[in-house]
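One letter stands for each residue in the lines below.
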Protein chains: 2
Amino acid sequence: MTLNIKQCQQAVEQIFEAEHFEAEPQSLYAPIAYTLRLGGKRLRPTLLVAANSMLGGSVEQVRFAALGIEVFHNFTLLHDDLMDRSPLRRGKPTVYQQWGANAAVLSGDTMYTLAWDYFLRQPLPRMHEVLQCFCHTALEVCEGQQYDMDFEQHDDVSISQYLMMIRKKTAVLLAGALKIGALCADADAATTERLYDFGIHLGLAFQLQDDLLDAYGDTAQLGKATGQDIRDNKKTYLMLRALELGTESQTRELRQLFAAGSEVNEEEKVKRTLAIYNEVGLKEGVEKAIDGEFALAAAELDTIGVSAEAKCPLREVLAMLDGRKK
Amino acid sequence: MTLNIKQCQQAVEQIFEAEHFEAEPQSLYAPIAYTLRLGGKRLRPTLLVAANSMLGGSVEQVRFAALGIEVFHNFTLLHDDLMDRSPLRRGKPTVYQQWGANAAVLSGDTMYTLAWDYFLRQPLPRMHEVLQCFCHTALEVCEGQQYDMDFEQHDDVSISQYLMMIRKKTAVLLAGALKIGALCADADAATTERLYDFGIHLGLAFQLQDDLLDAYGDTAQLGKATGQDIRDNKKTYLMLRALELGTESQTRELRQLFAAGSEVNEEEKVKRTLAIYNEVGLKEGVEKAIDGEFALAAAELDTIGVSAEAKCPLREVLAMLDGRKK
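Conventions and cut-offs
Residues numbered from 1 in each chain as written. Chains lettered and ligands numbered in written order. Predicted model: local features only at pLDDT ≥ 70, side-chain atom pairs only at ≥ 80, totals over all residues. Heavy atoms only, no water. Disulfide = S-S within 2.5 Å. Buried < 20%, exposed > 50% of the residue type's maximum accessible area, 1.4 Å probe, protein only. Helix = DSSP H or I, 4+ residues; strand = E, 2+ residues; numbered from the N terminus. Least-squares fit on C-alpha atoms with pLDDT ≥ 70 in both. Contact = heavy atoms within 4.5 Å. Axes fitted to C-alpha atoms, helices over the stretch in contact; angles between N-to-C directions. Parallel < 35°, antiparallel > 145°, perpendicular 65-115°, else oblique. Left-handed = near helix turned anticlockwise from the far one by under 90°. Nonpolar A, V, L, I, M, F, W, Y, C, P; charged D, E, K, R; others polar.

Trainee: Looking at this structure, how should I read the state of the cysteines?
Mentor: Between two cysteines, a covalent bond joining their sulfur atoms is known as a disulfide. Residues and elements named next belong to chain B. Considering all chains together, one arrives at zero disulfides over all chains under this definition. Here Cys8 is not cross-linked by a disulfide; its sulfur's nearest cysteine counterpart is in Cys312, at 11 Å. The exposure class assigned to Cys8 is buried, which follows from its relative accessible area of 0%.

Trainee: Looking at this structure, how should I read unusual backbone geometry?
Mentor: Phi is mostly negative for residues that are not glycine, and the peptide bonds are mostly trans. Cis geometry is adopted by the peptide bond preceding Pro25 of chain A, which originates at Glu24 of chain A and carries an omega value of -5°. Turning to its location among the elements, Pro25 of chain A is positioned in the loop between α1 (5–17) and α2 (26–37). With a phi close to 60°, Asn233 of chain A is a non-glycine residue in the positive phi region. For Phe21 of chain B, which is not glycine, the phi torsion reads 60° and is therefore positive. Relative to the helices and strands, Phe21 of chain B is located in the loop between α1 (5–17) and α2 (26–37).

Trainee: Just checking my understanding: could you explain the relation of the copies chain A and chain B for this structure?
Mentor: In this structure, two copies of a chain are linked by a rotation about an axis accompanied by a shift along it. When chain A is fitted to chain B, the residual RMSD is 0.0 Å, and the transformation amounts to a turn of 180° plus an axial shift of 0.0 Å. What the rotation and shift describe, once combined, is the action of a two-fold rotation axis. Mapped onto chain B, 100% of the interface residues of chain A again fall at the interface, so both copies present the same surface.

Trainee: Just checking my understanding: could you explain the packing of helix α7 (residues 127–152) of chain A against helix α8 (residues 159–184) of chain A for this structure?
Mentor: Two numbers describe a pair of packed helices, the interaxial angle and the distance between the axes. Residues and elements named next belong to chain A. Between α7 and α8, whose axes approach to 8 Å, the crossing angle comes to 165°. Viewed along their axes, α7 and α8 adopt a mutual orientation that is roughly antiparallel. Where α7 crosses over α8, the two elements pack in a sense that is left-handed. Looking at the contact of α7 with α8 residue by residue, the classes come out as 14 nonpolar, five polar and eight charged.

As structure tokens, then:
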């Protein structure tokens, strides 16, 4: 029987509650257990379980793949926080902040190894494809993170380069989770690829939402200050669209605000950047782009040859993410 | 036909020469190509090829496993150099020194992913065992590195704790390389485990030699200054044995030299530590311990049921490492 999305989420919670993540030496594993207990949306393992269930799989079949994909995702956050020197994640001190840079390096490496360990726990008929999908996904995530850092130093990032970057940094992991769920259910190649593409569009929409929420989100609902991308000089979709849509004087002002060595203070920079975003009508334009990606995701789902009922959980994911405020 | 050790080394060199390690983005892959072109002894893939050849395998069968194990080893060096803030490796600037901490984090993560990618390139009948062996080995290497860092802060490390640490940090990777070579040749369980134990003893001898060379090696042959472990307050086998063998006044002096906030300058610290090592006759004692591990390795090799001729390459490795000056 196909699970609904609530049941998928509960299954994922139960899978995580049954794990302890503690071992010796404590100095290595305490930051790992801490990170994995911080929670979060558990979106990737939920997608994995939902795709698998839609195609006739069972939770027991994907228990360890679900753990592996989420442990990997948390490893990438841990190393990202180290590279960004971020003090907070999900409202709590990061591993970098609490234990220092070396702990972040080595506990991160260990978490990544644990992700592989989970994937290897449960030999399934199509294991090799699962592992290759995970490996290629991980490689793209690393590349995406590098492009993201490189783009902070470049003045001439195009929208298509930006979309390539977020595809790698964010979308391929959602797509990979869905594909792995399908492979574990022994799905045919066409279905597997459609689910992968569904995940790509979902991931692009998700990242564009992140960009939008950073500028227009509600601080209380987000649990963090807005405007952080602007303070960090991030080349977001918003910024690149504003440069494209703005008048000559607006783009000149944006470039001055974001120039290295600019002496405008941070809050003034956020305020003036948001003013330009509003002048060019950015919010509506970005919302339209997000809707477009959600529509493409829905179209991929339509073409998959299972009953409408079986597709319900993934449709629920679309609806849930479409309305997200954080 | 079984390869001799020279042929194993040449095969490994050819395998590495055929690879390029370059891809986009260049900022991510240039540090990887740089690291993998620095060379080194390529001991781990050589052991893998030699074990495989001894048991009737072929170089083509282990091409990608040999790459995987060496890429993994170089990844651990890259992250170790980052954690130690080391400026030099093999006489050249480290990635940390040349590209900075963030490049060391992310190019390291990517190298580790490439190691998995190599292992997954070539499906073999006993692939799952190969991957599990690699994964568990990697986990122990991370743990060993953590114990090594933890021990720098502790005053009461025992010899048996030290041996547990170097087993994980150094020996299991040599043992894992040999075991993977055996698994690729579809060896029986007893042979595989004996080769693993051969590797453990070889690895312990290798690390004890490293400790000894740091104190008693020839600077010109080593290509680096001796006494670095003493400057770094490393708890080496030499240090722990000296504390065990020294008189009350010798151990008191050692503890003072190594105490946090000691005001003795570095060269004085090296000089006085070495003087105590000489007084307690440490060199001969450590050489005996090393010979003991080599003898245990040789004994494991003796019990393996292949011809004396087939064992030649691994005996040559023993002889080569036994006489090493760097």
